[in-house]
Structure formats: structure tokens, C-alpha cells
Amino acid sequence: MDPFDSNNQERANLPRNMIENSMFEEEPDVVDLAKDSTAFPAFPALDPEEAVYEPRASRLLVRGLGENELDDDEEDYESSARLLGMSFMNRSTAQRPSSSPYVRQSPPRSCSRPSVRTMVVCVLFLVIVASMTMVLYFLPGCTFTKTGCRKPNSTAPLEPVYPQSTTGEPFPWAEYRLPASVRPLNYDLSLHPDLRTLTFSGRAVITLSVQHPTRRIVLHAAELNITNATLQVGSGPVGVVPVLEYRPRQQIAVSLGVELQTGQLCVLTLEYSARLSHNYDGFYNSSYISANGTRTVLAATQFEPLAARKAFPCFDEPSFKATFLVRITREPGYIALSNMPKAKTTALPSGLEVDEFEQSSVKMSSYIVAFIVCDFISTSTSVSGTNVSVYSVPGKTDQAAYALHVVTVMLQHYNTFFDIPYPLKKLDLVAIPDFLAGAMENWGLITFRETSLLVGHDASPLEKQLVASVVAHELAHQWFGNLVTMSWWNDLWLNEGFATYMQYTSLQEKFPELDIGNLFLSVRFRSMDKDALNSSHAVSTYVNAPEQVAEMFDSVSYEKGASILLMLNASLPGRQFEKGIIQYLNDFNGSNTVTEDLWNSITQVDVSPHRQSVSDMMRTWTLQKGFPLVTVSRNAGHVTLTQEHFLLNADNATHASTSLWHIPVTYVTDNCSLAPECRQNFTLTSKTGELKLADNVRWLKLNYKNTGYYMVDYKDGGWASLISALNASKDVLSSEDRASLIHDMFSLSRLGRVSFRQILALLEYVRSETETPPLSEALLQLNSLYRLLEKRQEMELLARMKVKMQYLFGELMSSQTWGEEANVSRQELRSALLETACSLDIVNCTQQARDMFHQYTMSNETMRIPGDLQKVVFSVAAQSDEGWTSLLQTYSTISFDAEKRKILQALASTQDVRRVTWLLRAGLQGDVIQTLELPLVVSAVSDSFAGHLFAWDFVQENWDRLTETFPVGSFSLQSIIKSTTSQFSTQTHLNQVQGFFSRLKDAGSQMRSAQEAIENIKLNQRWMEHNLPSVRHWL
Ligand SMILES: [Zn+2]
């Protein structure tokens, strides 16, 4: 999946214990696993596979690197407790109240492999409990258990209590993860959405294979009204079976009178009805207004991560792969699309038609199943035997050409690169008018936001860059994610980190004119900024509850995942990385993996005698959060490198992180610093390391081109010599290296390692800078500082800062042209410079923008404003009454979505608070402004001086409505929290934000993004306390 606004919005984070808390209210104090033990003959004997699947990586995470480590006693206690039918989870929550509300829980362990010590403890405990039960048996009353007196012939010492299903009967399973006793082989799905009543009916015929003896079938279903259920075992008779439902975990179960035996096949048939979802997940209804003003309703799906269960009953976990046959009943004026090509259409006597799709030729996880009922029109081509089509609403078919071109090139490229041809006969890319994520990689039926797929003929290269990026990302998922899938969401990065990595590296190769490298560099900077916070998490991390799964879709899984792959590739010889990927895809084609599998495949392809384990290095990057700071101290030719955790500690406490990384350090020196051959390597695996340099070396720069995921601080005059070298000539380093010096310097200032004076000293060279990466990084950093000062109303400082920015960038700003610009990098730079200039109210910028807007309105909006200038021109225009009104008018009629979004951002940048309030409300209502655009509106409002407090008030007042539309954990909500709080830097605001989130309790107080917001404000506050005097002095 590609989250919304992948280019400029961070994938934030999220929550957790809503469900856990509700679970503890309703849940029994006895865990279900015990019921599977031999002590309870009503259910099959406990088999390792019957226990909930626990990915190896989770175990590694717990046992490997310090975080969340359980000591032996604790582990034994846990195992024993499980064997005795006690809920360790409850205990762990009750007994380990954390000072931070965001401490991770330890994963529930299967009791399939107890240690000897555990066994001894268990046996002793069982004997004691059995003896006590015998005593209790002779006592009158038997009131010690929830279920009352035990039957005299009970062989169980304790009757486990299951959660209560909707009918009041015990529900025979009490874990989030499904039991592994049966596996689905095939789903035969028939769906009939009614677009007038916005309901649908369905029939799921699921063929199951029994893996272990069991008396129950447990699967997922959410908000489905099941009307009939039958089961056929082998070739036996078809019998009606009762279905139990446990809503808090979205599970249903069939309990059986007879035990199913290993190897048996059975067919479970479920008939049901439901409402089409009104949010953006499951099987949801959407609509659009066509050119003639009529509203057309359609139905589409978005299942990742946990919403397939809202469309059909299923085993909704990625490792339960199966084949699918889909049938959809629709009205004749519509078309239906699904993962596979259509096999046939049958007319019904009612006048409706049924489309039947081919049974999938590949096994799929439930989250990549998809179907759409719509009236879209396609343009198609054939690529290496695959029929590729781009679908859009009828009025926008001319905007599909570019996407079709990109997918043609990229499909050929991936077919070769991965050395496994795309396995389906067709590939559809569909632009959906009302789609919350950026795109979703459903196999053979990729769905997109319109802005991520459609661009006009004269679109700017930057708009094309966005479309190409998203297409390249989703297409890479057809291999990474669809063909080989992570076993569980804890390793989501195997999907998302890889697709993100492929998106940047393959576009750089196939579409070099899109200059995607600059974007990848800045994405790595932003990822580190977020990963430096204490609220960050390891790449591969334990998740269980739905909110935990949702919060995995963040910058750590995507951008950090991609960054560490880039670093690994750069540190391996020759084509080892590429060969390793091919090996991995072949080894696990059609199945599921954990992170270690990837490292093993990449290690195996190294046939040299000095083969190094890739896992040894990479585990340090995936199993612990954050990244290292490497400090360079130099004494003549002796250089000492020291690593420590780069942790921005908001509470000012001295931290004693013992984390160590295997860092593939690279460096260049003034003797040779630009060409790839100049790069020298040094692997730092311990706390300190030493390297030797020639005495005549004047300076060295670590992290060549910033391909490593670490930051660097230079002691003993190291910064000074780099700064003086840059002042002599910026060309002594590559533009990526110059950008990385600027980025690291600002980050070190947040850490308290360098002074504001040093920042200014480094920035002095920027006057001679011409390249986009360092300039855009410097602008971004100074703009954030400017906005912080603005929100503190430091008016006098702002004036001085404006002078400073004009001094640094003024010449470049005034030399920008306002015509069409074909070069992406220059477009990026021009928009960054002019947006800054106009926001600082530099007269020649605002005047140019006004003139251009005037010409635009005079031409009846037919004149084209270059894509990269639209935002700045519209934003200047939106500051006047006339301009704002005219833009609002254009907003409701224009059909180019990229332009439309820039108009919306401009409208939201107004300083008129009545308009700000109106926009926020309109976004929530969803009539004039689609609700899915609300995060964009909130972000733009929060940036403006007049609007930022309104935005925060709006969030507080409308929290319940916001969380109905954007579930706790969604990107959208994370983005809303970040944009409304990230510019606070005072104690008053800190108290407000802390107070608000703590009052939310179950409705979001535990969200990681809430923790992040609080951390950020504290860090802003601390930076201001430490640096404001020197900012005053030096500006
Ligand atoms: Zn993705």
C-alpha cells in the first residue's frame, strides 16, 4: 500500500490498547491455549501448529537485542502460567504498569516448547492444583470458579472460561491470531452489491484442509449478518451448522460434535448480508459527479490490512493463502472488475448480470483480494503477454496515458529484474474518485487515488514523478508482497520497505529524467528525524492487536526499510544484493517469509570463501529502534570513530542505551572525494574503532552520498575544516554529501551537540550553492525554525531571520524564471525557493505571483500555470478576498486533481480565520471538500500563523467525528496530529496537548503519534531554551 501523499507527508504512527482494554473487561481470566492441552480432552491435543503462529522474527526481537527481554524467571512463569490456564497477558498488563504508556507488550508465547525447568514447575503446580481441586470437590458450594461446581467426573482441574459470543455461549477461541488447525485452500465467492440500497449479499464457499485434529473452525468476519451456514466433511452429507460470533475480535466459529482429522477436506458455506461500508475500507460505496452533474455510485474494496473480513468471512491473516473464484452480480450499465480476468457473463431473469472471474492461478493472501463495480472506461495495451489497462471515470480517460506508459516500462523492467515474469494474464490500474490511501497493490487490480494515477497531457514533471513513483511502488508489490508475503504484520517492512526501495532505485534507472534520487535522499533525512525520537520502534516489531497492525504503516516500515536496503546494497560486493533478491523470490515463490529468510538468501548467493553473514549486520538494523551517531575524533593520522544511539531524549534524562550497530562506514577525504572510487570502507561493529589516514589529509567526510543510515559528528576541528573547505569551493563534495552535512548539523543541534553559531557558519557557504539537495535541505530546516519562531510571535527575530534568508538565498530567489521548466530538479528548487520568498513576503515574488494569477483568471483558467508554481501563485492569490473567492469557484469545477489539491492548500493558507473555520468544517462535512482531503486542509491551516490554533482547537473539538472517519492508527489521523502539534514549543501548549491526549483514555491516549507529538513539543521547547539567546545574538 502506498499511504496518502507519499511525497510530502510523513507516515506517522499510532495506538493500541483500546481493544486490549475492552478485551480485559470482557475476557475471561483464563487463556484458551490451555484448553488445547491434553488436560482438556474436549479439544484436540496441543500441537505446536495449533498454537497461534508466532513468527520467528518476533521471537528474535524478544530474545535478541535487549529490548523487551524477559528474564528466565519471567519466561518460566509465563510458560507455567499458560500451561495452568492463566492469562499471562492479563498478568503482564496488570503487573507491569509502565511509566511510558507506550511500552511494548511481550508477545504471548506458545507453550509448545517449554524448558525443562518450566516442565518441572508445571508438573509440580499441576499436582498441587489437582490436589486442591480434590479438596474443593468435597467442600459444599463450589463457589470458587466462575462456572460454579465442577462435575465429579471432570478430568480438568480448572474449567477454562472462553469469551462470550453474541448468543451468550462460550466462544471457543480467545486469541487475536487464528488457530492453525485448518487452512483455507479455495474461496468461491458470490457477491451482489445493491448500489441503490448500499447493501450487499454474499455467499462464501470455503474449501478447507485440516492440518491437525480439531473440533472447531475459527475465522474472521466483521459486520456481516450470517444467515445460513453449512459444513460438508469429505464426501459426507452437507449439514447446517450453528455459527458463533465474538465481535470484539471480529471472529466467528463453528464448533463441531465430531473431531476433524488431519488431512480431511471440508467445505464451509456461509451466506450473509451486510451494508456497504461508509468509510474507506472493506467493501465500500463511493460516488463521483460526472461532467453533466449527475452523481454516479460505485462500490470498491480496500482490504489491507484487516478489512477483507468486512466483505466476506475469511482467514484474514497474510499467511493463510488460498485461491479465489469471484462472481459478482451487477446491473447491466456497470462493469465489474476483480483480480483475475473475466471468464464469462450470465444474464439473470431479473435483468441483472453475473460476471464470473477465472479462479486465481496463484495463491493469494486475503488482503490483496479486490473487486469493483463501476462504470469506468479503460485504455489498454499488451506487455509481454499481459493485458495492461488503466481505468478511470468516463470524463478523465485522456489523463491515463502517462500511467499506461509508466506501467508498460516498469512491468518489462521488473519481469527482467526479478527474473520471474508477472504471473497473471492481466493487470488493471484503477483510479477511484474516493480513495483514502495513495494506492493499493491488489494482485492484478491495483487501486489508486486519482492524483496518484491520472495526469493531464501538459502535467509538470513533478506531477509525473508522483504518478511514476506510486506506479513503480505498487508494481514492485506484485512480487514483494503478493508473490512472497510476510508471514505476519510484524515484518510489514518486507513488503513496504522493499516496494519503497524499488520505487526509487528502479525509477532512477528507467526514468532518470524524473530525478527521483533527490526525493529518496530527503526521504531518508525525514525518516531519521522521526526515528531519532524515543517513540520510534524497531523495523521488525511485535504486533498483535488491530491498532498495532495499523501503526506499522509508518515511515519506519517504508522509508527506514528502504534506507537500510540501500545501505546494505552499497556495502555488498558486485551484484550480490540483486542476486540475493532473485534467490529469495525463487526460494519463497508463493509462500510467506520472515526477515531472516531474506538475509539468508542474500548470504547464500555469496560463494566466496570469506562469506559473511548478512544477518549479523542487518539484525542490528531491524531489531532495535533508532540509528547510530558516529563521532569522529582525529589526532593527525589517527582517527577514532565512536558510535552511540542518536536518541533525542525529550526528558533530558541521561540515557544509557547499550545499542550497537554493525555500521558499514564509508568516507572520503580531500585527496579524493567525488567519484565512487574515492569511497573507502570501514566496518564499525563495536563501540569504538580506529582508522588511519595519511598525515597530509586535511579533512574527511563520512557517509559518502548519505547511503548509510547514520549521522556523523566531527570533533577536534573536523567541522571547521569541512566548513572552510566548502567555503573555498563547494565542489569538493557531491551535492548529496553537502546536503547530508546540513541535515546532520541541524539534527545535532536538536541533540545539543552543536551551537546555532556553528549552523550559521556552515550555512555561509550556501550563498554559492546551486544544487537542489543542499539548498532544499537548508530551506526546509530554516523554514521550520522560522515557523516555530512565528508561532511564538518572536516578531523582531522573524524580521532578522528574513534578512538572513534573503542574504543566503536572495540572489537565487530573484534569478528564478516563471515560465515552464522541464527539469525536475530545477522545478523542485524553484518551487522551494519561491514558496519561501513569497511566504516571507518578498515583494518581487508576491508581485510576480499576483500578475500570473491575474493572467490566469483573465484567460478563464485556460492559461496554464507551470505545475511547480501553482501552489505559490494560488497561495499568494488566496490572501485577497477576491482571489480566495475566485479560487473556491475554480476548486469546485476543475477536473485536474493535482491542480485542485494545490488550490485547496492555497485556500487553507488564508489568514482570515472565518474562512479557516469554514474550510475545516467543510472538510469534515464532505460536500464541497471531500473528507479524505481533510488532513491536507488541516496541514495547510496549521502552517499558517492565523490558522494554527484553530486547527488544534478543531481537532480537540471534533476528535470523535475524526476517529469515526479516520480510524485510530490510520495515516490520516497520524498526519492530523503531527501537523497540528509540531509547531508548538511552549509549556502552555505542551500542557494542553498532554492534557488532551491523556483525557482521551481508550480513544487514543496510547497512540504512538500522541507520544511523538508530546516529545516533539518538548524538544522544540528545549531547543528554544538553549538556543534562543544565541539566535538573538547571531542573527
Ligand atoms: Zn506499499
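Caption draft 1: Region of the structure containing the overall build of the protein. Each helix and strand in the protein was counted, giving 32 helices and 29 strands. Residue burial in the protein is summarised as follows: out of 1035 residues, 61% are buried. For the protein, restricting intrachain contacts to residue pairs at least 6 apart in sequence, the fraction spanning at least 24 positions comes to 73%. As presented, the protein carries roughly 38,400 Å² of accessible surface, and 52% of it is formed by carbon and sulfur atoms.

Caption draft 2: The arrangement of the confidence of the model for the protein in detail. Predicted confidence across the protein gives a mean pLDDT of 85, with 84% of residues reaching 70 or more. Within the model, pLDDT remains below 50 along residues 4–115, and this stretch shows 281 contacts once partners closer than five positions in the same chain are excluded. Note on residues 135–154: pLDDT is under 50 here. Beyond four places in sequence and across chains, it has 18 contacts.

Caption draft 3: Region of interest: the packing of helix H20 (residues 795–814) against helix H21 (residues 824–839). Contact geometry of H20 with H21 gives a least axis separation of 10 Å together with a crossing angle of 125°. Judged by the inter-axis angle, H20 sits oblique to H21. H21 is crossed by H20, and the crossing has left-handed handedness. Counted together, Met805, Phe809, Leu812 and Met813 of H20 and Leu833, Leu834, Thr836 and Ala837 of H21 form the full contact between these two elements. Tallied by class, residues from the contact of H20 with H21 come to 7 nonpolar, 1 polar and no charged.

Caption draft 4: Seen up close, the pattern of salt bridges. The final tally for this structure, using the stated rule, is 44 salt bridges. Notably, a salt bridge pairs arginine 196 with aspartate 194, separated by 3.7 Å at the nearest N-O pair. The class for arginine 196 is exposed, based on a relative accessible area of 67%. Of the charged contacts, one joins arginine 698 and aspartate 670 as a salt bridge, the two residues approaching to 3.0 Å between their closest N and O atoms. Placement of arginine 698 in the loop between strand E27 (688–692) and strand E28 (700–702) and of aspartate 670 in the loop between strand E25 (663–669) and strand E26 (680–684) is noted, with a sequence separation of 28 residues between them. Salt bridges here are not isolated pairs; linked through shared partners, they connect Asp188, Arg327, Lys344 and Glu356.

Caption draft 5: Region of the structure containing the pairing of strand E11 (residues 323–330). Most of E11 sits out of view: 7 of its 8 residues are buried. Sheet analysis places strand E1 (residues 182–194) next to E11, joined by 6 bridges and oriented parallel. By the bridge assignment for E11, serine 190 is matched with arginine 327.

Caption draft 6: Up close: the sheet that holds strand E29 (residues 711–714). Reading across from one edge, E27-E24-E23-E29 is the order of the 4 strands in this open sheet, with mixed pairing throughout. The two strands at the open ends of the sheet, each matched to only one other strand, are E27 and E29. This sheet shows a mean twist of 25° between the axes of neighbouring strands, independent of strand direction.

Caption draft 7: Geometry of the state of the cysteines. Counted by the stated rule, this structure contains 2 disulfides. Here cysteine 838 pairs with cysteine 845 through a disulfide, and the sulfurs are 2.0 Å apart. Because the torsion about its S-S bond is -100°, the bridge between cysteine 838 and cysteine 845 counts as left-handed. Of the two residues, cysteine 838 and cysteine 845, neither departs from the other in class, the shared state being buried.

Caption draft 8: Geometry of the pairing of strand E3 (residues 214–220). The element E3 is extensively covered by neighbouring structure, given that 6 of its 7 residues are classed as buried. Sheet topology places E3 next to strand E7 (residues 251–260); 6 bridges connect them, and they run antiparallel. From the neighbouring strand, arginine 216 faces E7, where its bridge partner is serine 255.

Caption draft 9: Examining the environment of valine 872 more closely. Looking at the secondary structure, you find valine 872 in helix H23 (residues 867–877). Accessibility expressed as a relative area gives 3% for valine 872, which makes it buried. The spatial distance from the C-alpha of valine 872 to the C-alpha of glutamate 835 is 5.4 Å, given a sequence separation of 37 residues. The residues contacting valine 872, other than those within four sequence positions of it, are Leu834, Glu835, Cys838 and Ala849.

Caption draft 10: Region of interest: the nonpolar core. Residues Phe312 and Phe809 are the most contacted members of the largest nonpolar core, which totals 306 residues. Considering each element in turn, this core owes the most residues, 10 residues, to helix H6 (residues 401–417). Here phenylalanine 312 is in contact with Tyr187, Leu189, His220, Leu224, Tyr272, Phe303, Phe324, Val369 and Phe371, once residues within four sequence places are set aside.

Caption draft 11: Seen up close, the packing of aromatic side chains. Counted under the stated rule, the structure contains 44 aromatic pairs. Ring plane angle 45° and centroid distance 6.1 Å describe the contact between tryptophan 489 and phenylalanine 553, whose orientation is recorded as tilted. Taken as a pair, tryptophan 489 in the loop between strand E21 (485–486) and helix H9 (493–510) and phenylalanine 553 in the loop between helix H11 (546–551) and helix H12 (555–571) lie far apart in primary sequence, 64 residues in all. The exposure class of phenylalanine 553 is buried, given its relative accessible area of 3%. Considering the side-chain rings of phenylalanine 627 and tyrosine 709, the 5.5 Å spacing of their centres and the 75° angle between planes classify their relative orientation as edge-to-face.

Caption draft 12: A look at the environment of leucine 411. Along the chain, the position of leucine 411 falls in helix H6. Given the relative accessible area of 0%, leucine 411 is considered buried. Between the C-alpha atoms of leucine 411 and leucine 427, which are 16 residues apart in sequence, the distance is 9.8 Å. The contacts of leucine 411, once residues within four sequence positions are left out, are Val383, Thr386, Val388, Tyr422, Leu427, Leu475 and Trp479.

Caption draft 13: Representation of the sheet that holds strand E18 (residues 426–432) within the structure. The 5 strands lie next to each other as E16-E17-E18-E20-E19, forming an open sheet whose pairing is mixed. Each end of this open sheet is capped by a strand with a single partner; those strands are strand E16 (377–383) and strand E19 (439–440). Inspection of the sheet shows E18 paired to strand E20 (residues 445–449) by 5 bridges, in the parallel sense. Across the sheet, valine 430 pairs through a bridge with threonine 447, a residue of E20.

Caption draft 14: Quick look at the side chain of glutamate 441. Structurally, glutamate 441 is set in the loop between E19 and E20. The exposure class of glutamate 441 is buried, given its relative accessible area of 0%.

Parameters and conventions
Residues numbered from 1 in each chain as written. Predicted model: local features only at pLDDT ≥ 70, side-chain atom pairs only at ≥ 80, totals over all residues. Heavy atoms only, no water. Helix = DSSP H or I, 4+ residues; strand = E, 2+ residues; numbered from the N terminus. Buried < 20%, exposed > 50% of the residue type's maximum accessible area, 1.4 Å probe, protein only. Contact = heavy atoms within 4.5 Å. Areas by Shrake-Rupley, 256 points an atom, 1.4 Å probe, with all protein chains shown as cover. pLDDT = per-residue confidence, 0-100. Axes fitted to C-alpha atoms, helices over the stretch in contact; angles between N-to-C directions. Parallel < 35°, antiparallel > 145°, perpendicular 65-115°, else oblique. Left-handed = near helix turned anticlockwise from the far one by under 90°. Nonpolar A, V, L, I, M, F, W, Y, C, P; charged D, E, K, R; others polar. Salt bridge = Lys/Arg side-chain N within 4 Å of Asp/Glu carboxyl O. Pairing = 2+ DSSP bridges. Disulfide = S-S within 2.5 Å. Core = buried A, V, L, I, M, F, W, Y, C linked by side-chain atoms within 4.5 Å. Phe/Tyr/Trp six-rings, centres within 6.5 Å; stacked < 30°, edge-to-face > 60°.

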